[in-house]
Amino acid sequence: MVDNIKVVENVKNSRPAKEWLREIVDKVYAEAWEAKEKGELIGWSSSKFPAEIAETLGLKICYPENQAAAISAKHGGQRMCEYAESMGYDNDICGYARISLAYAAGAKCDEKSMPQPDFLLCCNNICNCMTKWYENIARMHNIPLIMIDVPYNNTSEASEENIKYIRSQFDDAIEELEKISGRKFDERKFEEVCSNANRTAKAWLKACSYCKYVPSPLSGFDLFNHMAVVVTARCRRESSEAFEALTKEYEESVKNGTSTWRYDENYRIMFEGIPCWPELRSLFTPLKQYGINTTAVVYAPAFGFVYDNMNEMIKAYCKAPNSVCIETGVEWRESICRENKVDGVLVHYNRSCKPWSGYMPEMERRFRNDLGVGVVGFDGDQADPRNFSNAQYITRVQGLFEIMEVKRKIKDEKN
Amino acid sequence: MSDIFTMGIDIGSTASKCIILKNGQDIKAKSKINAGTGTSGPDRVINSVLNASNLNLNNISFIMATGYGRNTLQIAHAEMSELSCHAYGAHFQFHSARTVIDIGGQDAKVLRLDENGMLVNFVMNDKCAAGTGRFLDVMARVLEVNIEDLEDLSAKSKRDITISSTCTVFAESEVISQLASNADKCDIIRGIHHSVASRVGALARRIGLKEDIVMTGGVAQNKGVLSALEGELNYKIHTFELAQYTGAVGAALFAYKRVIKNS
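Everything quoted here is computed from the prediction, not taken from an experiment.

Comments concerning the sheet that holds strand E4 (residues 145–148) of chain A
Residue and element names in this part refer to chain A.
Next up, step 1: Spatial strand order, E2-E1-E3-E4: 4 strands in an open sheet with parallel pairing. The two strands at the open ends of the sheet, each matched to only one other strand, are strand E2 (60–62) and E4. Across the sheet, the mean angle from the axis of one strand to that of its neighbour is 25°, orientation sign disregarded.
Next up, step 2: Where strand E1 (residues 42–45) lies against strand E3 (residues 119–123), 3 bridges are found, and the strand directions are parallel. Residue pairing for E3: Gly43 is matched across the bridge by Phe119.
Next up, step 3: In the packing of helix H8 (residues 160–181) onto the sheet, contacts are made with E3 and E4, and the angle to E4 comes to roughly 165°.

Given below as structure tokens:
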């Protein structure tokens with residue numbers, strides 16, 4: 001038995017971390033299917049619902065946002081969106097929501113399947129569209145919906161009143177899930193789960209931090225791929241181990257001067273927003289052509305929740321890109337830009353995510369003034385390829401490149 | 001020392017414009033063909049400037065392509081975005097320009113340039129034809145007038161009509177309803193100009209206006225749009241004779257810089 005464990009460890013240690021990470025996500029879905037077949041209850045959860053609660057109760061959870069991203073990346077997004085539109089959902093609604101509603105309604109989907117839900121866990125810290133999206137699924141399947149309302153933070157820190165308000169909802173969610181599952185919430189188990197979640201978050205944030213090196217040992221687009229684990233399996237010990245393995249790889253790369261970005265790194269940019277999953281190749285191509293590495297992203301580290309106690313945990317869940325005030329948002333992004341030494345910012349005006357895109361013109365203005373870097377926006381969509389124009393994107397990236405060239409020339413002349 | 005000739009070609013969505021520049025200063029030849037990328041327009045416009053200047057391709061030291069079809073021209077030595085080319089071309093023709101408003105066939109853009117004509121910031125329209133040359137083309141067709149006549153007809157307007165839809169298709173329906181209710185074509189045209197100005201004005205305000213402001217692109221020839229935009233922004237907006245060639249001029253200038261840098 002001991003020998004077997006050693007063999008497993010050795011296998012884990014000898015393969016690339018990205019394979020390990022991919023397997024963890026596959027396992028989340030495989031275990032959910034297995035549980036469903038055994039007659040266990042399956043939950044669907046928004047990505048920033050406190051996963052620690054369901055994990056403590058040993059419930060199997062699937063993540064519609066992750067599923068929608070995977071379907072979109074495999075080019076099933078448009079078909080699923082059109083299915084939802086034929087049901088009457090407007091094409092102005094978030095693409096993830098449309099895909100998820102279509103799937104919940106039974107649309108065939110070979111790109112990424114998961115068992116249908118028996119209960120729903122929704123937290124609106126990530127966006128308010130989530131509320132109606134989950135309410136619709138709850139009605140469609142006639143299943144319970146546990147909702148945690150996180151008020152928008154007008155101040156940089158969540159107020160004590162808000163923390164109390166959210167705490168009461170956490171308690172209520174635990175009580176409701178105890179009733180649904182027939183299981184008792186074990187505080188000791190909860191502590192262990194939180195400890196795993198923190199270890200995962202710390203390892204994840206550390207992995208993200210390697211973008212600060214020049215040249216960077218990775219591309220921010222790698223983080224978009226790896227973040228599936230922090231979304232779907234952040235409470236698992238294995239996830240923290242896989243991310244720790246990833247950081248070791250990055251550390252080695254820094255020492256050896258290697259990188260997963262196999263092109264020139266003439267310029268470094270921050271990619272703002274959720275990527276256009278159906279168009280990853282299109283996003284990548286002109287960046288590669290001009291030697292522009294994405295060394296800062298906003299979306300991926302936004303899932304690194306680090307806390308020491310329940311109040312801090314609540315505060316951590318209050319901090320999502322769409323639930324913090326603009327000053328906090330600017331400060332956060334500008335520190336990412338400074339740490340990762342970016343020359344420019346590429347902003348995705350995402351048709352699917354109006355809350356995120358709505359404040360970007362002001363953020364753009366702040367980035368230009370405070371950081372003195374080139375900032376360019378393009379129109380696209382996280383899931384619906386009909387909202388992306390490759391020719392427009394290429395022109396905007398080329399424009400950003402030309403602005404960065406001018407700025408560098410001016411800087412060089414001054415020096 | 002012999003003269004250096006460079007060529008700038010702006011291959012747009014609806015027209016191809018070409019310039020031959022002598023020693024980075026004098027426009028030796030210019031031509032415009034109303035056929036853009038994917039058509040015979042680029043070849044024809046190149047032949048046209050070569051004929052007009054009595055030069056052949058061997059005399060051209062560097063060809064710089066720009067515009068929507070910039071990547072399709074085989075004989076180009078390099079390509080640059082229309083953003084930088086418009087900025088530099090505008091600076092060449094109007095030295096004090098710091099903001100450029102360009103309305104092209106399928107896009108509208110507002111550029112901020114530094115004192116050397118280099119692009120430092122820009123904003124473009126989203127995936128929508130409103131506020132572009134195509135919007136005006138569609139409206140001219142519905143109104144059964146030539147695009148070139150829009151300016152004169154608009155000047156005859158006596159009554160304000162608002163075309164409020166920002167979507168080209170819905171604005172077209174709005175124009176049709178106005179026609180059906182016997183509204184004067186001149187008034188409708190002025191309303192259309194204001195609709196374009198409102199849309200482009202919003203883009204311009206987003207980037208922040210810095211004088212002098214110039215307007216380039218084919219639509220700059222339409223004084224109806226120009227004055228509507230001045231009213232919208234409350235700024236004097238300048239234009240110049242070769243406004244529609246601005247991208248090609250900028251490309252030819254960048255071509256000249258490359259020749260000098262490489263020599």
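Notes on the environment of Lys18 of chain A
All names here are of chain A.
Next up, step 1: Tracing the backbone shows Lys18 in helix H2 (residues 17–37).
Next up, step 2: A residue is classified by how many C-beta atoms lie within 10 Å of it, and Lys18, with 16 of them, is partly exposed.
Next up, step 3: It is 7.1 Å that separates the C-alpha atoms of Lys18 and His226, two residues lying 208 residues apart in sequence.

So, the packing of helix H12 (residues 280–289) of chain A against helix H17 (residues 390–414) of chain A
All names here are of chain A.
Next up, step 1: With their axes 10 Å apart at the nearest point, H12 and H17 run at an angle of 30° to one another. Comparing their axes, H17 and H12 come out roughly parallel. As H12 packs across H17, the resulting crossing turns out to be right-handed. Judged by residue contacts, Ser282, Pro286 and Leu287 of H12 engage Asn390, Tyr393, Ile394, Val397 and Gln398 from H17.
Next up, step 2: Grouping the amino acids of the contact of H12 with H17 by side-chain chemistry returns 5 nonpolar, 3 polar and no charged.

Things to note about the sheet that holds strand E3 (residues 26–33) of chain B
All names here are of chain B.
Next up, step 1: The strand order across the open sheet built from 5 strands is E3-E2-E1-E4-E5, with neighbouring strands paired in mixed fashion. Whereas interior strands pair on both sides, the edge strands pair on one side only; in this sheet they are E3 and strand E5 (78–79).
Next up, step 2: As paired strands, strand E2 (residues 16–22) and E3 are joined by 7 bridges and run antiparallel to one another. Along E3, the bridge assignment pairs Ile19 with Lys30.
Next up, step 3: Each of strand E1 (5–11), E2, strand E4 (60–66) and E5 touches helix H8 (residues 246–262); the most contacted strand, E1, lies at about 140° to it.

Observations concerning the packing of helix H14 (residues 326–339) of chain A against helix H16 (residues 360–371) of chain A
All names here are of chain A.
Next up, step 1: With their axes 11 Å apart at the nearest point, H14 and H16 run at an angle of 45° to one another. Of the possible angle classes, the one that applies to H14 and H16 is oblique. Note on packing geometry: the crossing formed by H14 with H16 is right-handed. In this structure, H14 contributes Ile326, Gly329, Val330, Arg333, Glu334 and Cys337 to the contact, and H16 contributes Glu362, Met363, Arg366, Asp370 and Leu371.
Next up, step 2: Residues that form the contact of H14 with H16 fall into these classes: 5 nonpolar, 1 polar and 5 charged.

Re the interface of chain A and chain B
Next up, step 1: In this complex, chain A contributes 15 residues to the contact, which on the side of chain B involves 14 residues.
Next up, step 2: Elements that contribute at least two residues to the side of chain A that touches chain B include exactly H16 and H17 of chain A.
Next up, step 3: Top element by residues in the side of chain A that touches chain B is H17 of chain A. It accounts for 9 residues.
Next up, step 4: Taken together, the residues that form the side of chain A that touches chain B break down as 5 nonpolar, 6 polar and 4 charged.

Points about the domain arrangement of chain B
Residue and element names in this part refer to chain B.
Next up, step 1: As far as domains go, chain B holds domain 1 (1–94 + 242–263) and domain 2 (96–239).
Next up, step 2: Distance from the C-alpha centre of domain 1 to the C-alpha centre of domain 2: 26 Å.
Next up, step 3: Listed per partner, the contact involves 17 residues of domain 1 and 25 residues of domain 2.
Next up, step 4: Sort the elements by how many residues they give to the side of domain 1 that touches domain 2 and helix H2 (residues 82–93) lands first, with 8 residues.
Next up, step 5: Class assignment for the residues of the side of domain 1 that touches domain 2 results in 8 nonpolar, 9 polar and no charged.

What about helix H5 (residues 77–87) of chain A?
Residue and element names in this part refer to chain A.
Next up, step 1: Considered for burial, the residues of H5 that qualify are Gly77, Met80, Cys81, Tyr83 and Ala84. Take H5 and look down its axis: the buried residues cluster within an arc of 155°, on one side only.
Next up, step 2: Next to the buried residues of H5 lie helix H4 (64–73) and helix H6 (95–104).
Next up, step 3: Of the residues flanking the end of H5, it is Gly88, one or two places downstream, whose phi is positive at about 115°.

Topic: the nonpolar core
Next up, step 1: One finds Val345 of chain A together with Ile9, Met64, Ile101, Ala251 and Ala252 of chain B to be the most contacted residues of the largest nonpolar core, which totals 205 residues.
Next up, step 2: Broken down by element, this core gets its largest block of residues, 9 residues, from helix H6 (residues 185–207) of chain B.
Next up, step 3: Both domains that furnish three or more residues to this core are identified here as domain 1 (1–94 + 242–263) and domain 2 (96–239) of chain B.

What to know about the pairing of strand E9 (residues 213–216) of chain B
Along a regular strand, successive side chains alternate from one face of the sheet to the other.
Residues and elements named next belong to chain B.
Next up, step 1: With burial as the criterion, each face of E9 is covered, one bearing Ile213 and Met215 and the other bearing Val214 and Thr216.
Next up, step 2: In this structure, strand E6 (residues 99–103) lies alongside E9, joined through 4 bridges in parallel fashion. Residue pairing across strands places Ile101 opposite Met215, the latter belonging to E9.
Next up, step 3: Bridge count for E9 against strand E10 (residues 237–238) is 2 bridges, and the pairing is parallel. In the sheet register, Val214 faces E10, and the bridge partner there is His238.

About the criteria used
Residues numbered from 1 in each chain as written. Chains lettered and ligands numbered in written order. Predicted model: local features only at pLDDT ≥ 70, side-chain atom pairs only at ≥ 80, totals over all residues. Pairing = 2+ DSSP bridges. Helix = DSSP H or I, 4+ residues; strand = E, 2+ residues; numbered from the N terminus. Axes fitted to C-alpha atoms, helices over the stretch in contact; angles between N-to-C directions. Contact = placed C-beta atoms within 7 Å. Buried ≥ 20, exposed ≤ 12 C-beta atoms within 10 Å, placed from the backbone. Parallel < 35°, antiparallel > 145°, perpendicular 65-115°, else oblique. Left-handed = near helix turned anticlockwise from the far one by under 90°. Nonpolar A, V, L, I, M, F, W, Y, C, P; charged D, E, K, R; others polar. Domains from an automatic or database assignment. Arc of directions from axis to C-beta. Core = buried A, V, L, I, M, F, W, Y, C linked by C-beta atoms within 7 Å.

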